[in-house]
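Architecture and fold: a report
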Amino acid sequence: MKAVVVGAGSIGRRHLVNLRSLGHDVIAVDVADSALAAVGDMARTYRTLPEALAERPEVAFICTHSNGHVAPAIECAWAGCHLFIEKPLSTDLAGVDQLIAECGARGLVTMVACNMRFHEAVRRVTDTLVRDPSLGRTLWADLEWGYYLPFARPGDWRDSYMANRSLGGDLVFDDIHELDLACWVLGQPVRVLAAANRLGELTVDVEDCVDMVVEFASGARARIHSDYLQHGYSRRLKVVAEHGTLLWDFTQARFGVVRDDGEGWTWCAAEHELRDNRMFVEEVEHFMDCVARRQPTISPVESAVTVVRLALAARRSFVSGTWEAV
């Protein structure tokens, strides 16, 4: 297929390389000369989206800053492109209903890309919950993600989008993976109680520590923590069901299950690196296969908007100090 990659930053170039490796014809568009220079001869390049859409691509990969996804996505939908939109779908709800309507009217396949859904250990957690009814009802989940921001972006971290709200920086949305996984495992969120702080000495205009409790329609509950302060990268997921508990801890590179049969924990290796390109290749393959078959993806825009609503409700709770409806 012919694909246009809108936004040729680091994630855009990753998708560009993976699309090429999978045999697709790729166009790149970006307003920054430096981004286009980094693309080099890997793709035909344009500085404006109308120029790129004149080549009539079949699919569009929206890889702009988080607060700039919706407008180019709508423009690509008007051109008949199936849409692969980087996470998060948006940092607000402006234009989202229009995007959903435009895609629905044209029968377009959409996907909001959360690569963690394609991580080996995360899939073991979700597959076990789905395939093993003996575990019973899911009761609660605990999710954590944290790392030290200067280590993540050495040299330019103060200029990165993560440190600047004007560029879409926002710890809640930067950690959208954990919100997405909580909704994927526990279902429809109902309300959230959240707190955000600047606990450290980072010179950023975004929060560096966020905690939230989320209640779901099923009666289940999740605690979600994220921060830019931990000097060692941390990511873990625990899910407690009526008759068993599942745990993945990135730092231990393992996945475990314990049941109420008294046999104790069963552990297996989960060494799939977080930055391993396999996750990104597999999500692109999934999207392209769904486009070819005209089938819904694992995360269409209609469902991904729920995660945006949860993030926005959390932000409201920062201010109100009370539970906020999703």
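The sections below set out a description of the structure shown in this document. Source: prediction; values computed, not measured.

Quick look at the packing of helix α5 (residues 96-106) against helix α11 (residues 301-320)
- Relative to each other, α5 and α11 sit at 170 degrees, their axes nearing to 10 Å. Comparing the axis directions of α5 and α11 gives the class roughly antiparallel. Contacts between α5 and α11 pair Val 96, Asp 97, Leu 99 and Ile 100 from the former with Val 301, Glu 302, Val 305 and Arg 309 from the latter.
- Looking at side-chain class alone, the contact of α5 with α11 contains five nonpolar, no polar and three charged residues.

Description of the pattern of salt bridges
- Evaluated as defined, the whole model comprises 23 salt bridges.
- Put simply, Glu 120 and Arg 124 hold a salt bridge, and the shortest N to O gap is 2.7 Å. On the criterion of helical spacing, the pair formed by Glu 120 and Arg 124 is a turn pair, its members being four residues apart in helix α6 (residues 120-131).
- Look at Arg 124 and you get partly exposed, because its relative accessible area is 27%.
- Residue Arg 221 is joined to Glu 215 by a salt bridge in which the shortest nitrogen-to-oxygen separation is 2.5 Å.
- Each member of the salt-bridge network shares a partner with another, and the members are Asp 142, Glu 144, Asp 211, Arg 223 and Arg 236.

Thoughts on the packing of α6 against helix α9 (residues 176-186)
- The interhelical angle for the contact between α6 and α9, taken along N-to-C directions, is 20 degrees, at an axis separation of 10 Å. Our classification of the angle between α6 and α9 gives roughly parallel. Pair α6 / α9 crosses with right-handed handedness. Contacts from Val 122, Thr 126 and Leu 129 in α6 reach Leu 181, Trp 184 and Val 185 in α9.

Observations regarding the sheet that holds strand β11 (residues 234-241)
- One open sheet holds the nine strands; their spatial order is β14-β13-β12-β11-β7-β10-β9-β8-β15, and the pairing between them is mixed. Two strands in the sheet have a free side with no partner beyond their single neighbour: β14 (266-269) and β15 (324-325).
- Bridging between strand β7 (residues 138-146) and strand β10 (residues 221-227) involves seven bridges; their strand directions are parallel. When the sheet's bridge partners are listed, Glu 144 is paired in β10 with His 225.

Points about unusual backbone geometry
- A cis amide bond links Lys 87 with the next residue in sequence, Pro 88, at an omega value of -15 degrees.
- Positive phi, normally seen in glycine, also occurs at Arg 56, with a value near 60 degrees.
- Here Arg 56 lies in the loop between α3 (49-53) and β4 (59-62).
- The backbone phi angle of Ala 253 is positive, close to 50 degrees, even though this residue is not glycine.
- With respect to the secondary-structure elements, Ala 253 resides in the loop between β12 (244-249) and β13 (254-259).
- Relative accessible area serves as the criterion here: at 26%, Ala 253 is assigned to the partly exposed category.

Side note on the layout of surface pockets
- Of the volumes computed, that of the largest pocket is approximately 1,400 Å³.
- Surrounding the largest pocket, 46 residues form its lining, Ser 10, Ile 11, Lys 87, Arg 153 and Tyr 161 being those nearest its centre.
- Listing elements by their share of the lining of the largest pocket, those giving two or more residues are α1 (10-21) and α8 (171-174).
- The element best represented in the lining of the largest pocket is α1, accounting for four residues.
- Split into classes, the residues belonging to the lining of the largest pocket amount to 20 nonpolar, 13 polar and 13 charged.

Structural notes on the environment of Ala 94
- Within the secondary structure, Ala 94 sits in the loop between β5 (82-86) and α5.
- The class of Ala 94 is exposed, set by a relative accessible area of 53%.
- Taking C-alpha positions, Ala 94 is 8.0 Å from Val 70, a pair spaced 24 residues apart along the chain.

Points about the pairing of β7
- In terms of residue burial, β7 counts as a mostly covered element, since seven of its nine residues are buried.
- Here eight bridges tie β7 to β11, and the two strands are oriented antiparallel to one another. If you follow Trp 140 over to β11, its bridge partner there is Val 240.

Overview of empty space enclosed by the protein
- Summed over all chains, the structure comprises two cavities of 30 Å³ or more.
- If you add up the space inside the largest cavity, you get close to 70 Å³.
- In this structure, the largest cavity is lined by Lys 87, Pro 88, Leu 89, Val 112, Cys 114, Ile 176, Asp 180, Ser 299, Ala 304, Val 307 and Val 308.
- Of all the secondary structure elements, the ones that give two or more residues to the lining of the largest cavity are α9 and α11.
- The biggest single contributor to the lining of the largest cavity is α11, with three residues.
- Among the residues forming the lining of the largest cavity, the class breakdown is eight nonpolar, one polar and two charged.
- As a volume, the second largest cavity reaches approximately 30 Å³.
- Looking at the lining of the second largest cavity, the elements with two or more residues in it are β9 (209-216) and β10.
- If you tally residues by element for the lining of the second largest cavity, the top one is β10, at three residues.

Reading the values: rules and limits
- Residues numbered from 1 in each chain as written.
- Predicted model: local features only at pLDDT ≥ 70, side-chain atom pairs only at ≥ 80, totals over all residues.
- Heavy atoms only, no water.
- Axes fitted to C-alpha atoms, helices over the stretch in contact; angles between N-to-C directions.
- Helix = DSSP H or I, 4+ residues; strand = E, 2+ residues; numbered from the N terminus.
- Parallel < 35°, antiparallel > 145°, perpendicular 65-115°, else oblique.
- Contact = heavy atoms within 4.5 Å.
- Nonpolar A, V, L, I, M, F, W, Y, C, P; charged D, E, K, R; others polar.
- Salt bridge = Lys/Arg side-chain N within 4 Å of Asp/Glu carboxyl O.
- Buried < 20%, exposed > 50% of the residue type's maximum accessible area, 1.4 Å probe, protein only.
- Left-handed = near helix turned anticlockwise from the far one by under 90°.
- Pairing = 2+ DSSP bridges.
- 1 Å grid on protein atoms, 1.4 Å probe; cavity = no way out; pocket = protein on both sides within 12 Å on 5 of 7 lines; lining within 4 Å.
- Points joined across faces, edges and corners; volume = space filled by probe spheres on them.

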